[in-house]
Amino acid sequence: MGLYLHLPFCKDRCTYCSFVTTRDESLQPATVARLTAEVRTWGAALARPRVDTLYLGGGTPSLLSLEELAALTEAVREAFDLTPLVEATLEANPGTVDLAWLQGARRLGWDRISLGVQTLDDGLLRRLGRIHDGATAMEALELARIAGFQRRSGDLMVGIPGQDLGRVLDDARAMAATGLEHLSIYLLDLDKNCPLKADVEAGRLALPSEDAVATVFEALQVELPKLGLAPYEISNYARPGAESKHNSRYWERRPYLGLGPSAASQLGAFRWTEEGNIPAWAEGRAGVELQELDAAEELAEIPLLGLRLHRGVHWPSLRARAEARNLAPLVDAWEVQLAPFERGGLVIREDGILRLSERGMLLSNGILSTFV
Ligand code: SF4
């Protein structure tokens, strides 16, 4: 299985963020202690299961001291069998890392780092409430390389109010020039309440038009492969072999255990999400929202998640699986709904593989709603 640990602390709140995270440092010791205890409890309950991908996310895991990170890493090593481990990722905020911390993390066995860069435009970084500037983000990428992280990922955001969309391409080029191995490009998502959403709704800030944003994504689809970063998922580009193995398991529906406030898990047909109330979680009073997927829901997740990947979904296998569960009519219904997208060139079928075209990737929400 994959193991995800959520560390819900940040130096400051970004204006667009709706993740479960807090600035209240006083909660950190109890939360880290609880997370360590949960690691031990779950490792014992599952009889020290084999873990092949590990991910410490947040929040800002790079706020942990090296001592705290060492203790947490050691607890994971004792509680889980890491013999098959192929990837151990740390998320980090460029404004919180220095060379000594990165070298220490590397020595503890973390071999991949994901840095939230977002943009190299200092004015926009301030608007986003980020605690770093563009130069610091570039420096963090370089320090991670010097510290020995051979797999570095950076996040870029598209659709920030006031963003010069041509600048996104320049930022992507600058980041690629550092030799980084993985790039995630996200559309700013203001679905949930956050200060930036309030500013947009009040008319104080304006989002770029959908057409302008689509043009940037199209340009990135052309430009990034020329820089050695090939698309492998709707939002993700990587050099050959540097695709995120942990995140891939979400799209491939392989099992994962998530620990920490708001962390999600999926084992077999069961999925659960831990409550996001941080003090309650730290005190062991938090609840869990449990869902058992029925056969149709499990089947629908295969194309819903699998079509996010550029390699697509093997449709005859999906149909065979559906027939074995008496769910062939469901696949028939999907075929009917997908037909206009296929005719429009948004969905491509080749040698039994169904996948989204590049244009289909841009319009994926409408297509993937077929399976919801
Ligand atoms: S650093 Fe990340 S998790 Fe923390 S507030 Fe900003 S966006 Fe949210």
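Since we're looking at a predicted model, the values are computed, not measured.

### Considering the site of the ligand
Phase 1: Close contacts around the ligand come from Cys10, Arg13, Cys14, Cys17, Phe19, Thr21, Gly58, Gly59, Thr60, Asn93 and Gly116, and that covers them all.
Phase 2: Residues that form the shell around the ligand fall into these classes: four nonpolar, six polar and one charged.

### Observations concerning the sheet that holds strand 15 (residues 353-356)
Phase 1: One open sheet accounts for three strands, arranged 13-15-14; its pairing is antiparallel. At either margin of the open sheet sits one strand with a lone partner, and together these are strand 13 (313-314) and strand 14 (347-350).
Phase 2: Looking at chain direction, strand 14 and strand 15 are connected through four bridges and run antiparallel. Within strand 15, the position partnered with Glu350 by the bridge is Ile353.

### Description of the environment of Val336
Phase 1: Relative to the elements of secondary structure, Val336 occurs in helix 13 (residues 328-343).
Phase 2: Its 9 C-beta neighbours within 10 Å are what place Val336 among the exposed residues.
Phase 3: Residues Val336 and Cys194, spaced 142 residues apart in sequence, show a C-alpha to C-alpha distance of 39 Å.

### Things to note about the domain arrangement of the protein
Phase 1: In terms of domains, the protein is made up of domain 1 (2-250) and domain 2 (295-372).
Phase 2: In this structure, domain 1 and domain 2 have C-alpha centres spaced 29 Å apart.
Phase 3: Counting residues at the interface gives nine residues for domain 1, matched by eight residues for domain 2.
Phase 4: Among the elements of the structure, helix 8 (210-226) and strand 7 (230-233) are those that each provide at least two residues to the side of domain 1 that touches domain 2.
Phase 5: Among the elements that make up the side of domain 1 that touches domain 2, the one with the highest residue count is helix 8 (four residues).
Phase 6: Its residues placed into classes, the side of domain 1 that touches domain 2 shows six nonpolar, one polar and two charged.

### Regarding the pairing of strand 7
Phase 1: In this sheet, strand 8 (residues 236-238) lies alongside strand 7 in antiparallel orientation, the contact comprising three bridges. Each bridged residue has a counterpart across the sheet, and for Pro231 the counterpart in strand 8 is Tyr237.

### A look at the packing of helix 6 (residues 165-177) against helix 8
Phase 1: It is at 9 Å that the axes of helix 6 and helix 8 come closest, and there the two elements cross at 25 degrees. The orientation of helix 6 relative to helix 8 falls into the category roughly parallel. Taken as a pair, helix 6 and helix 8 cross one another with a handedness that is right-handed. Touching Leu165, Val168, Leu169 and Ala172 of helix 6 are Ala212, Val216, Ala219, Leu220, Glu223 and Leu224, all from helix 8.
Phase 2: In terms of residue class, the contact of helix 6 with helix 8 is made up of nine nonpolar, no polar and one charged.

### A closer look at the packing of helix 12 (residues 315-324) against helix 13
Phase 1: Look at helix 12 against helix 13: their axes get within 7 Å of each other, and the N-to-C directions meet at 140 degrees. With respect to their mutual orientation, helix 12 and helix 13 come out oblique. When helix 12 is examined against helix 13, the residues Leu318, Arg319, Ala322 and Glu323 are found in contact with a partner set consisting of Ala328, Leu330 and Val331.
Phase 2: Residue composition of the contact of helix 12 with helix 13, grouped by class: five nonpolar, no polar and two charged.

### With respect to unusual backbone geometry
Phase 1: Along the chain, Gly58 connects to Gly59 via a cis peptide bond; the corresponding omega equals 20 degrees.
Phase 2: Within the secondary structure, Gly59 is located in the loop between strand 2 (53-58) and helix 2 (66-79).
Phase 3: Look at Arg48: it is not a glycine, yet its phi comes out positive at around 50 degrees.
Phase 4: Given 13 C-beta atoms within 10 Å, Arg48 falls into the partly exposed group.

### A look at the pairing of strand 2
Phase 1: For strand 2, a buried count of six out of six residues is recorded, marking the element as mostly surrounded by other parts of the structure.
Phase 2: Every second residue of strand 2 is oriented toward a common face, with Thr53, Tyr55 and Gly57 on one face and Leu54, Leu56 and Gly58 on the other, all of them buried.
Phase 3: Both strand 1 (residues 2-7) and strand 2 contribute to a ladder of six bridges, which runs parallel. For Tyr4, the partnering residue across the bridge sits in strand 2 and is Tyr55.
Phase 4: Handedness of the crossover is the feature at issue here: the chain leaves strand 1, passes through helix 1 (residues 28-45), returns alongside strand 2, and the resulting connection is right-handed.

What counts, and where the lines are drawn
All residue numbers refer to positions counted from 1 along the written sequence of the respective chain. Note on the predicted model: pLDDT of at least 70 is required for a residue's local features to be given, and 80 or more for side-chain atom pairs to be given and counted; whole-chain, interface and lining totals, by contrast, use all residues. Here, nearness is defined through the C-beta atom: a residue counts as near a molecule or strand if that backbone-placed atom lies within 6 Å of it. When residues are grouped by polarity, Ala, Val, Leu, Ile, Met, Phe, Trp, Tyr, Cys and Pro land in nonpolar, Asp, Glu, Lys and Arg in charged, and all others, Gly among them, in polar. The rule for pairing is simple: two strands pair if DSSP sees at least two bridges between them. To qualify as a helix, a DSSP run of H or I must reach at least 4 residues; to qualify as a strand, a run of E must reach at least 2; elements of each kind are numbered from the N terminus. Each residue is classified by how many other C-beta atoms fall within 10 Å of its C-beta atom, where C-beta atoms are placed from the backbone; a count of 20 or more means buried, 12 or fewer means exposed, and values in between mean partly exposed. Segmentation into domains, and thus their bounds, comes from an automatic or database assignment. Each residue is represented by a C-beta atom placed from its backbone, and any two residues with such atoms within 7 Å are regarded as in contact. In this analysis, axes come from line fits to C-alpha atoms, helices being fitted only over the stretch in contact, and the angle between any two N-to-C directions falls in the range 0 to 180 degrees. Angle categories are assigned with fixed cut-offs, so that under 35 degrees is roughly parallel, over 145 is roughly antiparallel, 65 to 115 is roughly perpendicular, and the rest are oblique. Should the near helix be turned counterclockwise from the far one by less than a right angle, the crossing is left-handed, whereas a clockwise turn marks it as right-handed. The definition of a right-handed crossover adopted here requires that, viewed with the strands pointing away, the path from the first strand over the helix to the second runs clockwise.

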